[in-house]
Amino acid sequence: MSLQWCKCKFYIPKRYVVLFMIFIGYANMFYLHSNLGMAVVEMTSVKNITHLNGTVEQKADFDWSSREKGIILGSFSYGGLFSPIGGVLSGKFGGSRIFSIGILITALVTFFSPILLNINFYLFVVCNVVLGAFEIFSYASVTQLTSRWCPPDERSTFFSLPLVGMSLGSGVSFIVSGWIMSTWNWKILFYVSGIALFVWYWIWLLIVKNDPSEDKQISDVERSYIKEKINCNYSNEKLVYPWKKILTCVPFWIACLAKFVTGCGYTFTFMYMPQYIKDTNNIDIEKIGYISMVPQICAVISGSISGCIGDYMRSHKILSVTNIHKLLICSSTFGTAVAFMFIVLWSNLMVRIIAVSVIQFCITYALMTILVLFVDLTPKYASLLNSIANVFYTGSGIVTPILVGFIVTSHSVHQWNICFIALSCLSSVIGLLYLILGSGKLRSWANYIPNNDSSTIK
């Protein structure tokens, strides 16, 4: 079928509009997520307070221990344990609806976070758990949207650009949050993020639908093209999940482990790098923001080119789908492992920044590849698979802060190095496992229909 988009030469394919909206959503959410690491540094930093009588007192807003900081930074990820619920709800009600609900709740909770924090420490922790739960619902729903909107040859690009938004949001956060806190205070950070998410929520409702069949703005030609290319048995009837097939799918579980280790690396670099830089170089908060943005720029570059490379190799049949996934995921895990060891072996600040930039570069295209993998394995149930994998990803966000809180008690270089060595070893092991057991082939049960002939469902 030759595709002529529309007689109107200015017509923009609706699936690209959906992609752009997801991109902005990811940028907003990760702007919020990255704020927490920067805000904790500012909340616990000792500042000079001048009283009315002229005396100067050195005091931090909150005197949290290393373990308490770990609880706060990890609490965001506890909500991710509810990810499978988001996957099931996306399959039942549609990805667009669940995404918008997740953003709305996230906006409201973010806006009121400073008030809750001043009331009680643990109330703020619970607030972050709720925040993480509804945010992860939004992430799970994106896979569902992609399985409905994106042709196979465009999947890598479709997933990579939202990840660019993720990195862009984090990078902008480091600069903007540093500037806001140095100009005003950390509370303004939460108010700005909440308002931005709320505005974007209303825009999303007006533009994005669950699939092309519900969208009145898409052209008939593009709607037919997407339906033909996806070629998957979607129906409006209730989804029935082949649980036994899913739970015994080895490539899926290996991908979950790969997502766990990338989550460990991502959580460590974007939550703890501001604190690590401060401990080892004694730099003020605004400069830390600019330094921390460098790895995010590399992540933006990675997301911009890796998706195009993956789609090019797939469309030109340079490698099989399985080998494309192995190449990208294994090069990411091994590259991350080497970069972590460079941080240990060289104490120069520039070397550390370059190493962390490499880590962010590798992690970004690994996350993109894993998202594409779930749609390749089984498009119909991709949202569920991704939501289960998100439990591993967010689990890394729980485990990492707890371990760092126990290891890094005196903020010495030696203690930080223990963390880097552990992450390097973990990345290497997972990389070897995926090299041996990973696969990207479409599962024979991808279009599972209950009571179907057993000879066609394996």
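As a reminder, the structure under discussion sits directly above these lines.
Before going into details, it helps to say that this report is about the structure given with it. Per-chain numbering applies: the sequence of each chain, read as written, is numbered from 1 onward. Local features in this predicted model are restricted to residues of pLDDT 70 or higher, and side-chain atom pairs are both shown and tallied only at a pLDDT of 80 or more, whereas totals for entire chains, interfaces and linings draw on every residue. For the side-chain quantities, the full set of heavy atoms in the structure was used; hydrogens and water were omitted.

When helices and strands are tallied, the protein shows 16 helices and 2 strands. For the protein, with 458 residues in total, the buried portion stands at 57%. A sequence separation of at least 24 residues applies to 84% of the contacts in the protein between residues at least 6 apart. Carbon together with sulfur atoms contributes 67% to the accessible area of the protein, which is approximately 19,300 Å² in total. Strands here are runs of E lasting at least two residues and helices are runs of H or I lasting at least four, both read from the DSSP assignment and numbered beginning at the N terminus. For every residue, the accessible area (1.4 Å probe, protein chains only) is compared with the maximum for its type, and the residue is labelled buried under 20%, exposed over 50%, or partly exposed between those bounds. In what follows, residue pairs with any heavy atoms lying within 4.5 Å of each other are defined as contacts. Areas reported here follow the Shrake-Rupley algorithm with a probe of radius 1.4 Å; residue values treat only the protein chains shown as occluding.

Any two rings among Phe, Tyr and Trp, with Trp reduced to its six-membered ring, count as a pair given centres within 6.5 Å; such a pair is stacked if its planes are under 30 degrees apart, edge-to-face if over 60, and tilted if neither. Across all of its chains, the model carries 20 aromatic pairs by this definition. Taking the centre distance of 5.2 Å and the plane angle of 75° together, the rings of Phe 268 and Phe 420 count as edge-to-face. Of the two residues, Phe 268 is situated in helix α11 (residues 250–281) and Phe 420 in helix α16 (residues 413–437); the sequence distance between them amounts to 152 residues. Members of the aromatic cluster, each reached through a chain of ring pairs, are Phe 252, Trp 253, Phe 374 and Phe 392. Positioned above the aromatic ring of Tyr 393, the side-chain terminus of Lys 259 is 5.8 Å from the ring centre. Only when the NZ of Lys or the CZ of Arg is both within 6 Å of the ring centre and within 35 degrees of the ring normal is a charge said to sit over the ring.

On to the pattern of salt bridges, then. For salt bridges, the criterion is a side-chain nitrogen of Lys or Arg within 4 Å of an Asp or Glu carboxyl oxygen. Applying the stated criterion across every chain, the model contains 4 salt bridges. With a closest N to O distance of 2.4 Å, Asp 215 and Lys 14 form a salt bridge. One end of the pair, Asp 215, is in the loop between α8 (186–207) and α9 (220–230); the other, Lys 14, is in helix α1 (residues 14–43), and 201 residues separate them in sequence. In this structure, the salt-bridge partner of Arg 15 is Glu 222, at a minimum N-O distance of 3.2 Å. Of this pair, Arg 15 sits in helix α1 while Glu 222 sits in helix α9, placing them 207 residues apart in sequence. Arg 15 gets classed as buried once you look at its relative accessible area, which sits at 1%.

As for its placement among the helices and strands, Ser 439 is situated in the segment after α16. According to the relative accessible area criterion, Ser 439 is buried, its value standing at 11%. Reaching out from Ser 439, the side chain makes a polar contact with the backbone nitrogen of Lys 441 at a distance of 3.4 Å. Each polar contact in these results corresponds to two N or O atoms within 3.5 Å; when the atoms are within protein, one needs to be able to donate a hydrogen and the other to accept it, and residues that are neighboring in sequence are counted only if both atoms are side-chain atoms. A distance of 3.4 Å separates a polar atom in the side chain of Ser 439 from a polar atom in the side chain of Arg 443. Discounting chain neighbours no more than four positions away, the residues touching Ser 439 are Pro 251, Thr 322, Leu 373, Leu 377 and Tyr 434.

Note that Thr 322 resides in helix α13 (residues 321–345). Within the local environment of Thr 322, its side chain forms a polar contact with the backbone nitrogen of Gly 440, the two atoms lying 2.9 Å apart. Aside from chain neighbours lying at most four places away, what touches Thr 322 is Gly 438, Ser 439, Gly 440 and Lys 441.

Moving on: the packing of helix α4 (residues 95–111) against α8. Axis definition: a line fit to C-alpha positions, over the contact stretch in the case of helices; interaxial angles, taken between N-to-C directions, run 0 to 180 degrees. At a minimum axis distance of 8 Å, the contact between α4 and α8 shows a crossing angle of 155°. Relative to α8, α4 is oriented roughly antiparallel. Judged by the twist between their axes, the crossing of α4 over α8 is left-handed. For the pair α4 and α8, contact is made by Ser 96, Phe 99, Ser 100, Ile 103, Leu 104, Thr 106, Ala 107, Thr 110 and Phe 111 and by Phe 190, Tyr 191, Ser 193, Gly 194, Ile 195, Leu 197, Phe 198, Trp 200, Tyr 201, Trp 204 and Leu 205, respectively. Under the scheme applied, nonpolar residues are Ala, Val, Leu, Ile, Met, Phe, Trp, Tyr, Cys and Pro; charged residues are Asp, Glu, Lys and Arg; polar residues are all the others, including Gly. Each residue belonging to the contact of α4 with α8 can be placed in one class, and the counts come to 14 nonpolar, 6 polar and no charged. Our angle categories are set so that under 35 degrees counts as roughly parallel, over 145 as roughly antiparallel, 65 to 115 as roughly perpendicular, and the remainder as oblique. The hand of a helix crossing depends on one turn: near helix anticlockwise from the far one by less than a right angle means left-handed, and clockwise means right-handed.

Moving on: a nonpolar patch on the surface. Judged by side-chain polarity, Leu 108, Phe 112, Ile 115, Ile 119, Leu 123, Phe 198, Trp 202 and Leu 205 come together as a nonpolar surface patch covering roughly 720 Å² of accessible area. At the level of secondary structure, the elements contributing two or more residues to the nonpolar patch comprise α5 (113–119) and α8. Within the secondary structure, Leu 123 sits in helix α6 (residues 121–149). Residues form patches when they are more than 30% accessible in relative terms and have no salt bridge. Like charges link within 9 Å. Nonpolar side chains (Val, Leu, Ile, Met, Phe, Trp, Tyr) link within 5 Å.

This part covers unusual backbone geometry. Of note in the backbone geometry, Lys 317 takes a positive phi value of approximately 55° without being a glycine. Here Lys 317 is to be found in the loop between α12 (285–315) and α13. The exposure class of Lys 317 is exposed, given its relative accessible area of 69%.

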